[in-house]
Amino acid sequence: MSNKFFSSAQKISGGTVHKLPADLKTALLNNKKALKKWEEITPLARNEWICWVEFVKKEETRLDHIKRVCSELKEGIKRPCCWIGCIHRKDKPISPSVKGILSKRKR
């Protein structure tokens, strides 16, 4: 691949439901290998990573997730581990197990 990856105006693929947030885009632009792996995974996999980053409430946790996206992509991990999955997709119903997890979170 060429070095066109590093243009700040470069379009980087998003997910199926979520758009790529600016902070994650910046992290990927600053990491050539992670960006290459990002573009190689499926739109659904990218969507899971984006949702995983955006789902947290604390900025500190979000920054940690962004760092982990880059490091885990470089290791060949295609989706976040132990993640319940994106609950924002409209193309399939939420599974009963995920509904159970979400109901416990609201308590």
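Above this text sits the structure in question.
Residues numbered from 1 in each chain as written. Predicted model: local features only at pLDDT ≥ 70, side-chain atom pairs only at ≥ 80, totals over all residues. Heavy atoms only, no water.

Peer 1: Explain the packing of aromatic side chains here, please?
Peer 2: The description of two aromatic rings rests on the distance between their centres and on the angle between their planes. Applying the stated rule across the entire model yields one aromatic pair. Between Trp49 and Trp52, the aromatic rings sit 5.5 Å apart at their centres with planes inclined by 75°, giving edge-to-face as the arrangement. Linking Trp49 with Trp52, this pair stays in helix H3 (residues 43–54), spanning three residues, or about one helical turn. Classification of Trp49 by relative accessible area gives buried; the value is 0%. Relative accessible area serves as the criterion here: at 6%, Trp52 is assigned to the buried category. (Phe/Tyr/Trp six-rings, centres within 6.5 Å; stacked < 30°, edge-to-face > 60°. Helix = DSSP H or I, 4+ residues; strand = E, 2+ residues; numbered from the N terminus. Buried < 20%, exposed > 50% of the residue type's maximum accessible area, 1.4 Å probe, protein only.)

Peer 1: What exactly am I supposed to notice about the nonpolar core here?
Peer 2: Proteins that are soluble and globular tend to have nonpolar side chains buried together. Grouped together as the largest cluster of nonpolar side chains are 22 residues, with contacts concentrated most on Leu20, Leu24, Leu28, Trp38, Trp49, Val69 and Leu73. Listing elements by their share of this core, those giving two or more residues are helix H1 (22–29), helix H2 (32–40), H3 and helix H4 (59–74). No other element matches the six residues that H3 contributes to this core. Those residues within four positions of Trp49 in sequence are excluded, and the remaining contacts are Trp38, Ile41, Val69, Glu72, Leu73, Ile77, Lys78, Arg79 and Pro80. (Core = buried A, V, L, I, M, F, W, Y, C linked by side-chain atoms within 4.5 Å. Contact = heavy atoms within 4.5 Å.)

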